[in-house]
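# Topology and contacts: notes
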Amino acid sequence: MNEKFLVIRERFNILLFLGYLLFSILIANVPLGNEELFLILSYYTFFFFVLFILNAVMPFKNMRLSGKIVIGYVFFAYVIKSLYVLFYTENVKAFNQISIDAVMSNYTLLLPKILIPALSLVIVIWITSSIKKRALYFGQNFDLKMNKFYLFIITVLLGKFFIHNYLGWGVPGVEPKNVIPGITGLLTFFVRFPLFCIVNVFFIFSIQKKSRLYCSLSFFAISLYILIDLLNGSKYSLIYEVFFLIFALYYSFLLELVRSKTIFIFIAICIVILPIYKYINYIRFATMEGVDIITAIEVATINVDEKNITFLDEFINRINGIEHSIYGLLSNVSNFNFDLTSLFTDQLAVIYTESVTGIGGIVNSVGASQIAVIILNSNNYIDSFLLSLVYFSLSFIILRKMFFYFTSKILFTKLQSLCLEVMFSLFYIYFLFGTGNFIFFLKEMVVITFSFFILRLFIINNEN
């Protein structure tokens, strides 16, 4: 076996061990009884032990990038975030309607119920992402009709603005009016994640061409896409875009397509923009009451200052994870009778939202996370583990196959391949944020696949 490869695997195992050691030290400082502390550390010892075994059999280094990112999300949302729940319980928004004492007193009982499907998810992603990868024919002589493609993007962005601001379709928390069956859903889907993919494909080609003009135009299109969503109270595009650009620019730098100066400029922009994140929800709530955008910003500023909200708190609360599973188990949601159909419909999503917000309707949906859905549909640990294996295996494989169906035929370079892996990981994390309703995400993936079919119209094969 390659010596460098062995060194990388050894370093990853050392990193896992140091992570577990740090975790143990932090938990030891939580004011819990000795028995509770022992149980919590036992659960995480088993969790880390499984990771050691997986890395020994199927090294993390060999995994597809999308798998690494999804596992990173699970590790943060269900392992690291459990520390946040223990130390900053009062800051967890999901616990606003349940007793914090109930959370702490039941923590050792709740933790294994949550970690088992989380571990099952990690095993599924680890194995499916480590299966031998299909060889990619890097360097194929494909190109984009850049000017026509950019004109198409700007036209769609203007359409997005019109759909949200004049038709009122796809605005978070607002019931759409004058709905046209089939058309409203299709357009609302298209101007969300599919448009995110299309805009960023233009950015990837701009980087590869090393064209300052196209890079500037792509940043303008990205900024316009984010701005339209922010003005309508949607935050996901800002975080997804920043996350995507971090990876895209990092790999561009490794492939010597951008200079370090570009990276520093991007970091500076992020430092300026990201603090806006904590104001967005309050801006949305104010605009829903009919006030203009300037007044909404003033109201949001007052609310953030009064509640002393930090960007970190808002960001951590936005990442669905262990806290939503805890809420689902301790709240009145657990009293409803569910069946496995809730994995595919919005049945549980509506009930969960009404429990959290007191507001009916899927338009105001609050995601419980797919792991919470698994827990609420399981009678015991074995049911939870097996159901997780089946559900996450099918969802990951089906959604991945659909996502790469057209892209594997037209996007071949190393940078394109890596960026597409990042895009898919973001979509799958978006799916994991949800509350069952797999059919909804399947429909959205169909629209994403269609958007890549449209992309083929702007592809040039220079070999012909």
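You'll find the structure just up there.
Everything numeric here is computed off the predicted structure, so don't read it as measured data.

### Description of the nonpolar core
- Membership of the largest hydrophobic core comes to 137 residues, with the highest contact counts inside it found for Phe244, Phe403 and Tyr428.
- Here this core gets 15 residues from one element, more than from any other, and that element is helix H19 (residues 414-433).
- Apart from the residues lying within four places of it in its own chain, the contact partners of Phe244 are Phe196, Asn200, Phe203, Ile204, Cys419, Val422, Met423 and Leu426.

### Topic: the packing of aromatic side chains
- Applying the stated criterion across every chain yields a total of 37 aromatic pairs.
- Ring geometry for Phe203 and Phe219: centres 5.5 Å apart, planes at 65°, overall edge-to-face. Residue Phe203 is located in helix H8 (residues 193-209), and its partner Phe219 is located in helix H9 (residues 212-231); the two are separated by 16 residues in the primary sequence.
- For Phe203, a relative accessible area of 1% translates into the label buried.

### Regarding the side chain of His164
- Here His164 is to be found in helix H6 (residues 146-165).
- Take His164: its relative accessible area is 4%, and that puts it in the buried class.
- The residues contacting His164, other than those within four sequence positions of it, are Trp169, Gly170, Val171, Val191, Ile228, Asp229 and Asn232.

### So, unusual backbone geometry
- Its identity is not glycine, yet Lys210 carries a phi of approximately 55°, on the positive side.
- Positionally, Lys210 belongs in the loop between H8 and H9.
- Its identity is not glycine, yet Asn437 carries a phi of approximately 55°, on the positive side.
- Accessibility expressed as a relative area gives 14% for Asn437, which makes it buried.

### Observations regarding the packing of H8 against H9
- Two numbers describe how H8 lies on H9: the axes approach to 8 Å, and their chain directions differ by 160°. Between H8 and H9, the interaxial angle falls into the category roughly antiparallel. Judged by the twist between their axes, the crossing of H8 over H9 is left-handed. When H8 is examined against H9, the residues Leu195, Phe196, Val199, Asn200, Phe202, Phe203, Ser206, Ile207 and Lys209 are found in contact with a partner set consisting of Tyr214, Cys215, Leu217, Ser218, Phe219, Ala221, Ile222 and Tyr225.
- For the contact of H8 with H9, a count of residues per class yields 13 nonpolar, three polar and one charged.

### Some details on the pattern of salt bridges
- In the structure shown here, the tally under the stated rule is three salt bridges.
- With its nearest N and O atoms 2.8 Å apart, the salt bridge here joins Glu323 to Lys81. Of this pair, Glu323 sits in helix H15 (residues 322-330) while Lys81 sits in helix H3 (residues 65-87), and the two are 242 residues apart along the sequence. The pair formed by Glu323 and Lys81 is uniform in burial state, with each residue classed as buried.

### Regarding a nonpolar patch on the surface
- On the surface, a nonpolar cluster with roughly 410 Å² of combined accessible area is contributed by Ile265, Ile269, Val272, Ile273 and Ile276.
- By secondary structure assignment, the location of Ile269 is in helix H11 (residues 260-273).

### Here we look at helix H7 (residues 183-190)
- Within H7, burial applies to Thr184, Thr188, Phe189 and Phe190.
- On its buried face, H7 is in contact with H6, H8 and helix H20 (438-455).

### Quick word on H8
- The terminal C-alpha atoms of H8 lie 25 Å apart, and with 17 residues this matches the ideal 24 Å at 1.5 Å per residue to within 8%.
- In terms of burial, H8 is largely enclosed, as 15 of its 17 residues are buried.

Calculation notes
- Residues numbered from 1 in each chain as written.
- Predicted model: local features only at pLDDT ≥ 70, side-chain atom pairs only at ≥ 80, totals over all residues.
- Heavy atoms only, no water.
- Core = buried A, V, L, I, M, F, W, Y, C linked by side-chain atoms within 4.5 Å.
- Buried < 20%, exposed > 50% of the residue type's maximum accessible area, 1.4 Å probe, protein only.
- Helix = DSSP H or I, 4+ residues; strand = E, 2+ residues; numbered from the N terminus.
- Contact = heavy atoms within 4.5 Å.
- Phe/Tyr/Trp six-rings, centres within 6.5 Å; stacked < 30°, edge-to-face > 60°.
- Axes fitted to C-alpha atoms, helices over the stretch in contact; angles between N-to-C directions.
- Parallel < 35°, antiparallel > 145°, perpendicular 65-115°, else oblique.
- Left-handed = near helix turned anticlockwise from the far one by under 90°.
- Nonpolar A, V, L, I, M, F, W, Y, C, P; charged D, E, K, R; others polar.
- Salt bridge = Lys/Arg side-chain N within 4 Å of Asp/Glu carboxyl O.
- Patch = residues over 30% accessible without salt bridge, like charges linked within 9 Å, V, L, I, M, F, W, Y side chains within 5 Å.
- Areas by Shrake-Rupley, 256 points an atom, 1.4 Å probe, with all protein chains shown as cover.
- Expected span 1.5 Å × (residues − 1).

All quantities given are derived from atomic positions and should not be read as evidence of function.
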